Amino acid sequence: MIPLLSLRFPASPSSALFHFSPSPPFSSRFTKSPFRRFLPPTKPSLSTNSFSSTSQQLGPQGPQNQQPPRTLFPGGYKRPEIKVPNFVLQLDPNDVLADDNALDFIDKAVSKWVGLVVLNGGEGSGGRVYEAARSLKAVVKDRAYLLIAERVDIAAAVGASGVVLSDQGLPAIVARNTMMDSKSDSVFLPLVARTVQSSDSALNASSSEGADFLIYDLGQEEHANTAMKAVYENVKIPIFVVNNNSQAEVPSYTELTKIFKSGASGVVLSLEDLRLFTDDVLSEFFNTVYTTNNKRQDESIVELEMADIDRGSHQKVGVAGFIKVEDREKQLIEKERSVLTKAINVFQKASPLMEEISLLIDAVAQIDEPFLLAIVGEFNSGKSTVINALLGERYLTEGVIPTTNEITFLRYSELDRKDMQRCERHPDGQLICYLPAPILKEMNIVDTPGTNVILQRQQRLTEEFVPRADLLFFVISADRPLTESEVTFLRYTQQWKKKVVFVLNKSDLYQNTQELEEAISFIKENTKKLLNTEDVTLYPVAARLVLEEKLSATSDVGKKYREIVFAESNWKTSSFYKLENFLYSFLDGSTSRGMERMKLKLGTPIAIAERMLSACETLNRKDCESAEQDLSSANEIIDSVKEYVIKMENESISWRRRTLSAIDATKSRILELIESTLQLSNLDVVASFLLKGESSTTLPATSRIQNEILGPAIADTQNLLGDYVTWLQSNNAREGRAYKESFEKKWPSITFSDKNYPLETYELLRKLDELSLKAIENLSANATSKQFEREVREVFLETFGGLGAAGLSASLLTSILPTTLEDLLALGLCSAGGFIAISNFPARRQGIIEKVKKTADALGQELEDAMQKDLQETTQNLEKFVRIIGEPYRDAAQNRLDKLLEVKDELSNVRGTLKMLQVEIQNLHVS
Ligand SMILES: Nc1nc2c(ncn2[C@@H]2O[C@H](COP(=O)(O)OP(=O)(O)OP(=O)(O)O)[C@@H](O)[C@H]2O)c(=O)[nH]1
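The sections below set out a description of the structure shown in this document. (Residues numbered from 1 in each chain as written. Predicted model: local features only at pLDDT ≥ 70, side-chain atom pairs only at ≥ 80, totals over all residues.)

1. Focus on the overall build of the chain
- Along its length, the chain carries 31 helices and 16 strands.
- The burial tally for the chain puts 42% of its 927 residues in the buried class.
- Contacts in the chain between residues far apart in sequence, at least 24 positions, make up 79% of those at least 6 positions apart. (Helix = DSSP H or I, 4+ residues; strand = E, 2+ residues; numbered from the N terminus. Buried ≥ 20, exposed ≤ 12 C-beta atoms within 10 Å, placed from the backbone. Contact = placed C-beta atoms within 7 Å.)

2. Side note on helix H17 (residues 484-495)
- Over its 12 residues, H17 extends 17 Å from the first C-alpha to the last, a length consistent with the 16 Å expected when each residue adds 1.5 Å.
- Of all the positions in H17, only Glu 486, Phe 489, Leu 490 and Thr 493 are classed as buried. Mapping the buried residues of H17 onto a view down its axis gives an arc of 105°, with all of them on the same face. What points out from H17, more than 90 degrees from its buried face, is the exposed set Glu 484 and Arg 491. (Expected span 1.5 Å × (residues − 1). Arc of directions from axis to C-beta.)

3. Some points on the sheet that holds strand S10 (residues 408-412)
- Spatially, the 8 strands line up as an open sheet ordered S11-S12-S10-S13-S9-S14-S15-S16, and their pairing is mixed. Of all the strands in the sheet, just strand S11 (422-425) and strand S16 (537-540) have a single pairing partner and so form its edges. Taken pair by pair, the neighbouring strands of this sheet meet at an average axis angle of 25°, ignoring direction.
- As paired elements, strand S9 (residues 371-377) and strand S14 (residues 471-477) share 5 bridges and run parallel to each other. Note that in S14 the partner of Ile 375 across the bridge is Phe 473. (Pairing = 2+ DSSP bridges. Axes fitted to C-alpha atoms, helices over the stretch in contact; angles between N-to-C directions.)

4. Quick look at unusual backbone geometry
- Unlike most non-glycine residues, Lys 497 shows phi in positive territory, near 55°.
- Topologically, Lys 497 is positioned in the loop between H17 and strand S15 (500-505).
- For Lys 497, a count of 15 C-beta atoms within 10 Å gives the class partly exposed.
- Positive phi is not limited to glycine here, since Lys 506 has a value of about 60°.

5. With respect to the pairing of S14
- Buried residues dominate S14, accounting for 7 of its 7 residues.
- Here S14 pairs with S15 via 6 bridges, running parallel. In the sheet register, Phe 474 faces S15, and the bridge partner there is Phe 502.
- Between S14 and its parallel partner S15, the chain crosses via H17, and the hand of that crossover is right-handed. (Right-handed = clockwise from strand over helix to strand, strands pointing away.)

6. A closer look at helix H18 (residues 513-531)
- In this model H18 runs 26 Å from its N-terminal to its C-terminal C-alpha over 19 residues, within 8% of the 27 Å that 1.5 Å per residue would give.
- Taken together, the buried residues of H18 touch S14, S15 and S16.
- Following H18 by one or two positions, Asn 532 adopts a phi angle in the positive range, close to 55°.

7. Examining the packing of helix H22 (residues 592-639) against helix H31 (residues 841-922)
- Packing of H22 against H31 leaves a shortest axis separation of 8 Å and a crossing angle of 160°. As the angle between them shows, H22 and H31 are arranged roughly antiparallel. Read as a crossing pair, H22 and H31 show a hand that is left-handed.
- Taken together, the residues of the contact of H22 with H31 break down into 23 nonpolar, 7 polar and 11 charged. (Parallel < 35°, antiparallel > 145°, perpendicular 65-115°, else oblique. Left-handed = near helix turned anticlockwise from the far one by under 90°. Nonpolar A, V, L, I, M, F, W, Y, C, P; charged D, E, K, R; others polar.)

8. A few points about the nonpolar core
- Val 117, Leu 119, Leu 136, Leu 147, Val 163, Leu 214 and Phe 240 are the most contacted members of the largest nonpolar core, which totals 67 residues.
- The element that contributes the greatest number of residues to this core is helix H4 (residues 126-140), accounting for 6 residues.
- Setting aside chain neighbours within four positions, we find Val 117 in contact with Leu 89, Leu 91, Val 110, Leu 136, Val 140, Ala 144 and Leu 146.
- By size, the runner-up hydrophobic cluster in this structure holds 62 residues, among which are Val 376, Val 466, Val 500 and Leu 547. (Core = buried A, V, L, I, M, F, W, Y, C linked by C-beta atoms within 7 Å.)

9. Looking at the pairing of strand S1 (residues 86-91)
- Among the 6 residues that make up S1, 6 are buried, leaving the element largely enclosed by the rest of the structure.
- Because side chains alternate across S1, one face comprises the buried residues Asn 86, Val 88 and Gln 90, and the other comprises Phe 87, Leu 89 and Leu 91, equally buried.
- When S1 meets strand S2 (residues 114-120), the two strands line up parallel, connected through 5 bridges. Note that in S2 the partner of Gln 90 across the bridge is Val 118.

10. Topic: the sheet that holds S2
- Spatially, S1-S2-S3-S4-S5-S6-S7-S8 is the arrangement adopted by the 8 strands of the closed barrel, whose pairing is parallel. Averaged over all neighbouring strand pairs, the angle between strand axes comes to 25°, with direction disregarded.

Set out below in structure tokens:
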């Protein structure tokens with residue numbers, strides 16, 4: 001509600017310093033950052049800490065499947081904040097599409113000076129606007145807000161932050177809802193700005209319209225800046241000015257500074273304008289504006305502090321505004337402060353990005369501030385009138401259209417006249433009014449904007465304020481008792497465990513007490529169910545009548561209002577007395593109501609802490625799950641090498657089989673050759689051995705073995721084993737790379753440089769002793785065949801050496817005795833003395849055969865072992881490689897889990913301490 005009387009702003013208007021977050025007067029959040037923040041963070045407010053945010057890509061337990069809490073506020077939406085002072089860069093599609101350097105320039109501009117980019121969509125083809133919007137979105141990213149003028153459809157299609165509507169454009173609510181439907185996963189409400197050209201439309205757009213900021217076209221008015229002063233004072237949302245009043249084409253530095261200093265939140269510049277300013281000029285400009293504004297803030301703090309001192313020491317005397325505060329209560333306050341300060345540390349550790357923590361920080365900072373009674377309800381329900389009636393003076397504006405657009409604090413101040421008030425705008429955007437109403441000595445009363453879906457901005461303001469209140473007066477209008485949106489809002493208040501007292505206002509509208517009773521029982525019945533309690537407090541009142549009576553009573557010398565009430569025993573006004581009675585009994589700490597007030601006051605920060613705690617616990621639980629999942633994923637990947645080893649073992653069987661069968665084939669061929677060579681009938685051989693001597697000639701069989709069998713067989717086997725070794729190495733290298741990639745892909749945000757790994761790590765993928773190749777390399781066809789020849793020669797010599805060649809009839813033997821047995825028989829016949837020697841021939845031949853078999857088998861075994869060892873070496877190397885590569889990921893997950901479990905313990909300690917504190921507070925009794 002805008003106060004009616006003598007609204008006094010600080011010496012210089014500070015609208016450029018508005019901050020829309022709920023924050024108390026003298027808040028600890030009054031930082032000296034160069035710019036007040038209206039900007040939303042680029043991430044959801046209840047997001048996880050940086051490591052856990054990396055886990056968003058992780059595994060099935062990741063947030064894909066579990067929606068993280070978006071914000072503590074209802075509907076999951078937050079109002080976006082706009083940083084001021086700031087520049088708005090206004091572009092035409094042509095600026096973006098036809099100018100090659102534009103995007104680079106815009107990129108630089110949004111990284112430094114520009115907080116809002118507006119693309120004109122009104123003119124030109126939709127296709128070009130869309131194309132330009134897409135390019136802009138890609139460049140601007142989340143560094144500035146991108147708004148599309150007049151094209152809600154394009155804004156929605158490119159995922160812009162909002163729209164700018166002309167004076168005659170769509171209603172803000174329609175534009176916002178259309179955008180919201182398309183940005184279903186966004187935490188932030190879409191921005192809706194209005195271009196206005198007159199102070200009337202500026203006021204209208206900022207209040208009932210619910211625009212988030214204004215673009216004010218100053219036009220060619222000569223005294224535009226002076227005319228704007230009134231607008232700056234009355235409009236509570238940021239105003240960015242389009243300056244057409246300059247003589248020059250582009251506003252000069254001095255002109256810009258003047259606009260900012262006059263109270264505007266910023267200036268709208270074209271691409272051309274902005275290009276004319278150098279970085280140095282802009283930087284100096286921001287510094288100047290900041291210094292001036294900051295000084296202004298400091299001054300306003302000093303002013304407010306002085307005002308505090310002026311108001312006297314009543315706030316200091318009664319800690320938390322309590323009367324008769326005993327030492328016990330003071331101790332409790334101190335204890336609560338210390339418990340909550342520790343809790344804040346734990347919450348910040350558990351969820352560093354949780355913005356709502358500022359609620360708790362503020363609540364702790366205000367722990368010994370006066371009791372806070374907030375009047376809430378739908379717009380037009382009569383909240384301001386109820387407050388005026390309580391205060392006995394028309395301090396706040398009343399009206400049939402939404403009139404309260406800001407959180408308005410009413411605080412006590414000794415002022416000379418009863419109807420006087422002094423209001424100041426706090427840099428956070430809240431209005432603080434100092435009034436001489438006695439009830440304010442003991443409590444601060446807060447008028448809040450009406451809740452209603454149409455007034456989204458106002459609704460958010462109230463919702464965000466609710467957690468801070470110690471008691472809510474929920475004003476319901478008699479002409480619409482308990483609407484659906486009231487029920488929703490009521491449910492929301494219960495999330496913060498707020499004590500609610502219902503005020504059924506405008507009960508004068510009922511014809512008779514029966515109607516009133518019916519309405520009361522309807523509301524009570526339903527709220528009992530909603531609040532899950534039998535204890536519903538409801539006061540039917542007619543605030544307007546009471547206020548009128550009080551006002552006339554004060555003019556009626558000596559006649560007190562209560563006397564009038566009693567005297568006239570008018571139900572329409574007397575019930576208001578009960579409400580006042582309730583409030584006054586609340587003020588007395590020696591009564592049980594007073595004690596309840598103390599409990600409520602102490603309970604407010606605890607309720608906030610509990611919600612933070614639940615949010616942190618939920619996050620912590622999810623983070624723990626995700627860390628556990630990470631850990632087991634890392635272990636699974638590392639362990640999966642075993643499967644690879646088994647696969648390799650299976651596949652290597654066929655390699656070994658091929659090698660062995662090559663050896664077998666060679667063996668068979670050699671054996672065949674032996675069979676055919678070592679025959680008694682093979683007189684050519686015999687004769688050449690016996691007649692020509694040992695070294696004179698080479699057996700034909702020997703050269704066959706060397707050239708046709710062993711030589712090619714060894715070469716083939718060498719090739720085979722070469723392929724085998726390559727197969728092992730390339731598999732290892734490929735698998736190694738794949739493992740590394742799978743770690744990197746799974747945890748893209750954790751990067752380990754190769755320096756993190758021991759030097760020989762990558763060598764592991766190449767390293768191999770190549771035992772199989774070495775084994776075959778030692779085998780020479782020449783040497784083997786020579787050895788074979790020696791063996792054969794020995795057999796022949798030992799057999800025939802004693803007989804002499806003459807004893808043999810070559811023609812006879814070769815023609816009729818083809819087989820070994822027959823050989824023997826023939827030889828037996830030929831020579832009785834040679835029989836023994838010859839009879840040993842088959843055994844000797846068998847000896848060679850056995851030897852060849854044994855040699856071949858041994859070779860097979862040797863190669864098989866060597867192949868097995870090569871396989872083992874490669875797979876062990878791969879296992880080692882994957883362990884080395886995976887270890888940092890596993891360690892990171894383990895460390896994260898350990899830290900999260902530590903935080904979990906701390907959170908559970910906080911829960912325990914809060915519980916104990918709550919029990920202590922509940923045990924407070926009237927002494
Ligand atoms: N009949 C009747 N009208 C009332 C009563 N109290 C307030 N009104 C009227 O209701 C309208 C709204 O009153 P406000 O006090 O401005 O309501 P509000 O809830 O503060 O409105 P917002 O600030 O816009 O949310 C005004 O026209 C009041 O005169 C009452 O007791 N009886």
